[in-house]
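As a plain string of letters, each chain reads:
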Amino acid sequence: MLITCPYCGPRDVIEFTYQGDGNRERPDPASQNFEAWNAYVYDRLNPAGDHNEIWQHSGGCRAHLKVVRNTLTHEISSVAFARGDHGSAARHKAEDKA
Amino acid sequence: MVEHQSPLEPEFHVGSHGNFEHGVEIILTETRPGSIVQLAAWPGEEKRLIAAIRTVTGLALPDGAGGGVSDGVKSVFGFAPGKFTVADEAEGLAAAFAKVVTSAIGTVTDLSHGRTAIRIAGPKAEWVLAKFFAIDFSLPAFPNGAGRSTAHHDVFAQIQRTGADQFDIYVFRSFARSFWKALCHASEEVGYEVQ
Ligand SMILES: [Zn+2]
């Protein structure tokens, strides 16, 4: 499986670390809404198909990435910086060609 | 003046090794920069950091991710969004950057004693490195001066191409001897010379 890092370009999955489900919304740390915390910690969509995920390019540029991966085919349809745009200087040249 | 010691020393054997009867196709050496510095820009401050790099080193970074340049004495390349590695044969780079990279622009980290720089050159350099790293080392995909962040067996490595068949690899100093030994073993079958 290859993930095309927006900075580094296509890299083997061995360079990446899975950081979990990208659909979770973390409650305010001060929140005492137990249902919201329960949902954050335990509830997962577990779809058979496209899934929003967070990955870190831990063996590369170390950026955190928002990835859409198909859980049936491993096809990756989208990769973006989790933090948003890092500015034009940061974008990989492969992306310009695509 | 403090004398520099190399972590490679016990395994650094100058001369030709391996299958060199048909010629040496790999040259391995340690470049021993006096300074290795990592710079990071706060979001939106990348252009000011790139300007600071030009002020201190005289090197103009090309556009694009992983872009870099080397003049043979000083080298710079991008290794992550808004982050750059700079090396210089001379000492004192961190102090020079600390004056220019203000806390509003970003951070300066002195890694002069934290990284070891290993140079691999020769017609089989791409071929040997392809055994280690799952990235494209061909010249069109990895142009001269450019940098790449990758890993070998979980040992993080930053690689800059400093010639058509020459690469400088920055590894953690504590892993450098082990990495060096692996590089020597991988070069045996084509014949290598340590300089
Ligand atoms: Zn990356």
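Sequence positions are assigned chain by chain, starting from 1 and proceeding in written order. Here chains are named by letter from A upward and ligands by number from 1 upward, in the order in which they appear as written. At least 70 in pLDDT is required for a residue's local features to be given in this predicted model, at least 80 for side-chain atom pairs to be given and counted, and no such filter applies to totals for whole chains, interfaces and linings, which use all residues. In computing side-chain properties, one takes all heavy atoms of the structure into account and sets aside hydrogens as well as water.

## Let's talk about the sheet that holds strand β3 (residues 17-21) of chain A
All names here are of chain A. The sheet built from four strands is open, its strands ordered β3-β4-β5-β6 with antiparallel pairing. Strands with a single pairing partner mark the edges of an open sheet, and in this sheet they are β3 and β6 (76-81). The mean angle between the axes of side-by-side strands here comes to 30 degrees, regardless of whether they run parallel or antiparallel. For strand β4 (residues 50-56) and strand β5 (residues 64-70), the ladder comprises seven bridges, and the chain directions are antiparallel. Paired strands, in this sense, are two strands between which DSSP finds at least two bridges. What counts as a helix is a DSSP run of H or I of at least four residues, what counts as a strand is a run of E of at least two, and both are numbered from the N terminus. The convention used is that axes are lines fitted to C-alpha atoms, helices contributing only their stretch in contact, and that angles between N-to-C directions extend from 0 to 180 degrees.

## Quick look at the pattern of salt bridges
Any carboxyl oxygen of Asp or Glu within 4 Å of a side-chain nitrogen of Lys or Arg constitutes a salt bridge here. This model, assessed by the stated rule, comprises nine salt bridges over all chains. A single network of salt bridges, built from pairs that share partners, joins E9, E30 and R32 of chain B.

## Quick look at the coordination of the zinc ion
All names here are of chain A. The coordination sphere of the zinc ion contains the protein donors C5 (SG), C8 (SG), H57 (ND1) and C61 (SG), at a distance range of 2.0 to 2.5 Å. Donors, by definition, are the N, O and S atoms found within 2.8 Å of a metal, the threshold being 3.2 Å for Na, K and Ca, and water is not counted, so a site can look incomplete. Expressed as a motif, the donor residue spacing for the zinc ion is C-x2-C-x48-H-x3-C. Separated by 53 residues along the polypeptide, C8 in the loop between β1 (2-5) and β2 (9-12) and C61 in the loop between β4 and β5 bring together distant segments of the chain. Only protein chains enter the area calculation, which uses a 1.4 Å probe; residues under 20% of their type maximum are buried, those over 50% are exposed, and those in between are partly exposed. Overall, the relative accessible area of 9% leaves C8 in the buried class. For C61, a relative accessible area of 3% translates into the label buried.

## Describing the confidence of the model for chain B
Per-residue confidence for chain B gives a mean pLDDT of 95; residues scoring 70 or more make up 99%. Predicted complex metrics record ipTM = 0.90 and pTM = 0.90. Every residue carries a pLDDT, the predictor's confidence in it, which falls somewhere between 0 and 100.

## Looking at the sheet that holds strand β8 (residues 115-121) of chain B
All names here are of chain B. Read across the open sheet, the seven strands follow the order β1-β12-β2-β8-β11-β10-β9; overall the sheet is mixed. Only two strands of the sheet have a single neighbouring strand rather than two, namely β1 (15-17) and β9 (147-152). On average, each strand axis in the sheet is inclined to that of its neighbour by 25 degrees, with strand direction left out of account. Examined bridge by bridge, strand β2 (residues 26-30) and β8 share four bridges and lie antiparallel to one another. Bridge pairing in β8 places T29 opposite R119.

## Considerations on the nonpolar core
All names here are of chain B. Ranked by internal contacts, the top residues of the largest apolar core, which has 28 residues, are I120, F133, I169 and L183. Elements with a minimum of two residues in this core: β2, β8, α3 (125-132), β10 (155-163), β11 (166-172), α4 (176-187) and β12 (192-194). Ignoring sequence-local partners within four residues, the contact set of F133 consists of T150, A151, H152, A157, I159 and F179. Here, the term nonpolar core denotes a set of buried Ala, Val, Leu, Ile, Met, Phe, Trp, Tyr and Cys residues that are joined through side-chain atoms within 4.5 Å. Every residue pair with non-hydrogen atoms within 4.5 Å of one another is taken to be in contact.

## Re the packing of aromatic side chains
Residues and elements named next belong to chain B. Each pair of aromatic rings taken from Phe, Tyr and Trp, with Trp reduced to its six-membered ring, is defined by centres within 6.5 Å and is described as stacked if the planes are under 30 degrees apart, edge-to-face if over 60, and tilted in the remaining cases. Under the counting rule described, the total for this entry stands at 13 aromatic pairs over all chains. Between the aromatic rings of F12 and W180, the centroid separation amounts to 5.1 Å while the plane-to-plane angle is 20 degrees, which identifies the pairing as stacked. With F12 in the segment before β1 and W180 in helix α4, this residue pair connects regions lying 168 residues apart in the sequence. According to the relative accessible area criterion, F12 is partly exposed, its value standing at 24%. For the pair F132 and F133, a centre-to-centre distance of 6.1 Å together with 35 degrees between the ring planes defines the contact as tilted. Each member of the pair, F132 as well as F133, is classed as buried. We count a charge as sitting over a ring when the NZ of a lysine or the CZ of an arginine lies within 6 Å of the ring centre and within 35 degrees of the ring normal. Sitting over the ring of W127, K124 keeps its end group 5.4 Å from the ring centre. Cation over ring: R148 sits above F142, and NZ or CZ is 4.6 Å from the ring centre.

## Points about the domain arrangement of chain B
All names here are of chain B. Domain borders in the structure are assigned automatically or taken from a domain database. When its domains are assigned, chain B resolves into domain 1 (9-32 + 114-194) and domain 2 (35-110). The gap between the C-alpha centroids of domain 1 and domain 2 is 24 Å. We define buried area as the total accessible area lost by two parts upon association, computed with a 1.4 Å probe and summed across both. Across the interface of domain 1 and domain 2, roughly 940 Å² is buried in total on both sides, 51% from carbon and sulfur atoms. When the buried surface of domain 1 facing domain 2 is broken down by residue, Q158, Q160 and Y170 rank first, second and third, together holding 45% of it.

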